[in-house]
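Residue-level structure breakdown
Given next are the chains, with one letter for each unit.
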Amino acid sequence: MNKRVIIIGTGISGLAASLRMRRKGYEVIAFESNDYAGGKITDFQKNGYRWDMGPSLFTLPSYIDELFELFEAAPRKYFNYHLKKNICNYFWEDGTRFSAAASQEVFIKEASALFNEDAKTIKKYLDRSKLKYDLTAPLFLEKSLHRKETYFSLATFKAFVNSYRLHLFHSLNTLNRSVFKSEKLVQIFNRFATYNGSTPYKTPAIMSLIPHLEMGLGTYFPQGGIHEISQSLYRLAQAQGVQFHFNESVEQILHSNQQTTGIITNIGQYPSDIVICNMDVFAAYDKLLPNLKKPIKTLQQERSSSALIFYWGIKKIFPELDLHNILFSQDYEKEFEHIFDKKSISSDPTIYINISSKEEGSDAPQGCENWFVMINAPGNYGQDWETLKKEVRQRIVKKINRILKVNIEEYIEAEEILEPMTIESRTYSHKGSLYGASSNSQFAAFLRHPNFSKQLKNLYFCGGSVHPGGGIPLCLLSAKIVSNLIPVNK
Ligand SMILES: Cc1cc2nc3c(=O)[nH]c(=O)nc-3n(C[C@H](O)[C@H](O)[C@H](O)COP(=O)(O)OP(=O)(O)OC[C@H]3O[C@@H](n4cnc5c(N)ncnc54)[C@H](O)[C@@H]3O)c2cc1C
């Protein structure tokens, strides 16, 4: 008999889950409140410019390829990308500039020369980063942490035996300070905490595995921009017979006798055998499962940071900038104190500038660039965002002018702004967090919501707010974990 799976939300994880369920032989219907698939991964155009609205850094593309391969489709026929040779251009107020090469050999040589740091020290750090990644990814990222079987595996044994090398009990900043003499190199390696929306002053030093993603496994740019990631998967899902209901919000998950039985939307009622929820788990308990007991401790976990983004059409080419650029703040610790403790924005925030037209010329008119100017920001706790946006914009403009020796206002010919409040309202992301719960404690991995409900049979969860966490690769892995928990439909 053809059993039905309902997917709530078509974020990257919902799309991946729908494909995996289709491959397992289920009828799949995906419901989406918005009029497009992709959730945070979307784009928009204005005055001849195109901007990816959310993510800009793309790593581990093999997790996308896997989804095409499930259907024996050659991924390169449908979705293409290339490796970036230069990872990121870093800028400091004192005039120092550093281009981080993807080649480890070149990175080590150039970083050692510029920051006066022993090349062997940098190499050892990067080797350790790889070791940490290799030991923990099979356990913490690829499996459910909430099933007994996970703990009786070779991967767990290896991680346990090597746990003293994982640096679980001090912060990333403490580790980096103990390794590097150069403040600037500490700041470069501390920044990796922001890849999952955490602070380097609290996140455990195991996060020093993240540099391996960039410097070992590489950063990529998808042809057509990041938006193509969700669009190519959407097209694949359509071709494979996933049914999509856009502009249809799920309002309730139905259940009886501890089993899910279907959903109610703003339009109708749909029975199903399995429900996979890609809605932020906080909002899901609040809105879709009001009668269920809430896992309070899990839902109260501190949320990851959010972002304030200025999308600027710039009528000038800046040869000193590349796809990814960072203009560092002078007081990094203060910046994170503001985000996580004061729920505010420091007077000198680090600025990230992403320019996809460097890779994809058609993203901006001739002689122009599409700047995505982002600063890490606290979630939406009712701050006065209108005032904050104005103040922060001025600080950003002044900092860019100082560091790039330019009057940037002269060149801005198009502008849009995105703040945490809108991120929250567009995707139901609790507090507008980019990556679900933060990783600001060593227990964070264990306190994320499991990929299944402990109360209702046949209810599963995927996406950035549940295990293993936020970011494109982890969201894709959450869909894979869910799929591994569900049998093939025979
Ligand atoms: C500004 C920004 C920058 C980022 N940068 C990066 C980056 O560089 N690299 C990276 O890897 N990640 C980055 N991220 C994080 C990444 O975008 C997310 O982790 C990921 O896209 C989340 O995917 P998801 O599957 O959890 O679903 P989401 O994208 O959160 O989508 C959930 C979907 O479910 C729908 N939905 C929710 N509730 C309902 C309901 N009741 N009924 C119907 N539909 C519903 C929503 O409308 C939405 O479309 C960034 C995010 C943002 C916002």
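Residues numbered from 1 in each chain as written. Predicted model: local features only at pLDDT ≥ 70, side-chain atom pairs only at ≥ 80, totals over all residues.

1. Section: the sheet that holds strand β20 (residues 459-461)
Inclusion rule: Strand pairing is assigned whenever DSSP detects at least two bridges linking the two strands. Here a strand is any run of E in DSSP of at least two residues, a helix any run of H or I of at least four, and the numbering for each starts at the N terminus. Only the contacting stretch of a helix is used when fitting its axis, a line to C-alpha atoms as for every element, and angles between N-to-C directions run 0 to 180 degrees. It is the C-beta atoms, placed from the backbone, that decide contacts: two residues are in contact if theirs lie within 7 Å.
The five strands are arranged β10-β2-β1-β14-β20 in an open sheet whose pairing can be described as parallel. Strand pairing shows two members of the sheet lacking a second neighbour, β10 (243-245) and β20, which therefore form its edges. Neighbour-to-neighbour, the strand axes of the sheet open up by a mean angle of 20°, direction not taken into account. On the sheet, helix α1 (residues 12-23) packs against β1 (4-8), β2 (27-31) and β14 (274-277) and is oriented at approximately 165° with respect to β2.

2. Regarding the site of the ligand
Keep this limit in mind: We call a residue near a molecule or strand if the C-beta atom, set from the backbone, is within 6 Å of it. All residues other than Ala, Val, Leu, Ile, Met, Phe, Trp, Tyr, Cys, Pro, Asp, Glu, Lys and Arg, Gly among them, are scored as polar; the first ten of these are nonpolar and the last four charged.
As a matter of local geometry, the ligand sits amid 36 residues, with Gly9, Gly11, Ser13, Gly39 and Gly463 nearest to it. Put simply, the parts of the chain that give the shell around the ligand at least two residues each are α1, β15 (306-314), α15 (420-427) and α17 (472-485). The biggest single contributor to the shell around the ligand is α1, with three residues. Per-class residue counts for the shell around the ligand are 16 nonpolar, 18 polar and two charged.

3. What about the sheet that holds strand β18 (residues 369-377)?
The strands making up a sheet associate through backbone hydrogen bonding, with each pair oriented either parallel or antiparallel. Within the open sheet, the seven strands sit side by side as β8-β7-β16-β17-β18-β15-β19. Their pairing is mixed. Strands at the two margins of the open sheet, each flanked by one partner only, are β8 (97-101) and β19 (412-418). Between one strand axis and the next, the sheet turns by 20° as a mean value, whatever way the strands run. Here strand β17 (residues 351-355) pairs with β18 via four bridges, running antiparallel. Paired with isoleucine 353 across the bridge in β18 is valine 373. With respect to the sheet, helix α14 (residues 385-404) is in contact with β7 (86-91), β15, β16 (324-327), β17, β18 and β19, its orientation differing from that of β15 by roughly 60°.

4. Here's the deal with the pairing of β7
Relative to β8, β7 runs antiparallel, the two sharing five bridges. Residue asparagine 86 lies in a different strand from β8, and its bridge partner there is alanine 101. Counting the residues in the hairpin turn of β7 and β8 gives five residues, including glycine 95, whose phi is positive at 95°. Where β7 meets β16, three bridges bridge the pair, whose relative direction is parallel. The residue bridging asparagine 89 from the neighbouring strand is asparagine 325, located in β16.

5. Some details on the packing of α1 against α17
For the record, the criterion: In this scheme, a crossing is called left-handed if the near helix is turned counterclockwise away from the far one by less than a right angle; it is called right-handed if the turn is clockwise.
Remark: α1 packs on α17, axes separated minimally by 8 Å, with the N-to-C direction vectors making an angle of 35°. For the pair α1 and α17, the crossing hand works out as right-handed. Together, Ile12, Ser13, Ala16, Ala17, Arg20 and Met21 of α1 and Ile472, Cys475, Leu476, Ser478, Ala479, Lys480, Val482 and Ser483 of α17 make up the contact between the two elements. Its residues assigned to classes, the contact of α1 with α17 comprises nine nonpolar, three polar and two charged.

6. Thoughts on the packing of α1 against helix α10 (residues 227-239)
Cut-off, in case you're wondering: Any angle that is under 35 degrees is reported as roughly parallel, and any over 145 degrees as roughly antiparallel; angles of 65 to 115 degrees are reported as roughly perpendicular and all others as oblique.
In contact at an axis separation of 10 Å, α1 and α10 are set at 25° when each is read in the N-to-C sense. Judged by the inter-axis angle, α1 sits roughly parallel to α10. Handedness of the crossing formed by α1 with α10: left-handed. Taking contact as the criterion, the partners of Ile12, Leu15, Ala16, Ser18 and Leu19 in α1 are, on α10, Ile229, Ser230, Leu233, Tyr234, Leu236 and Ala237.

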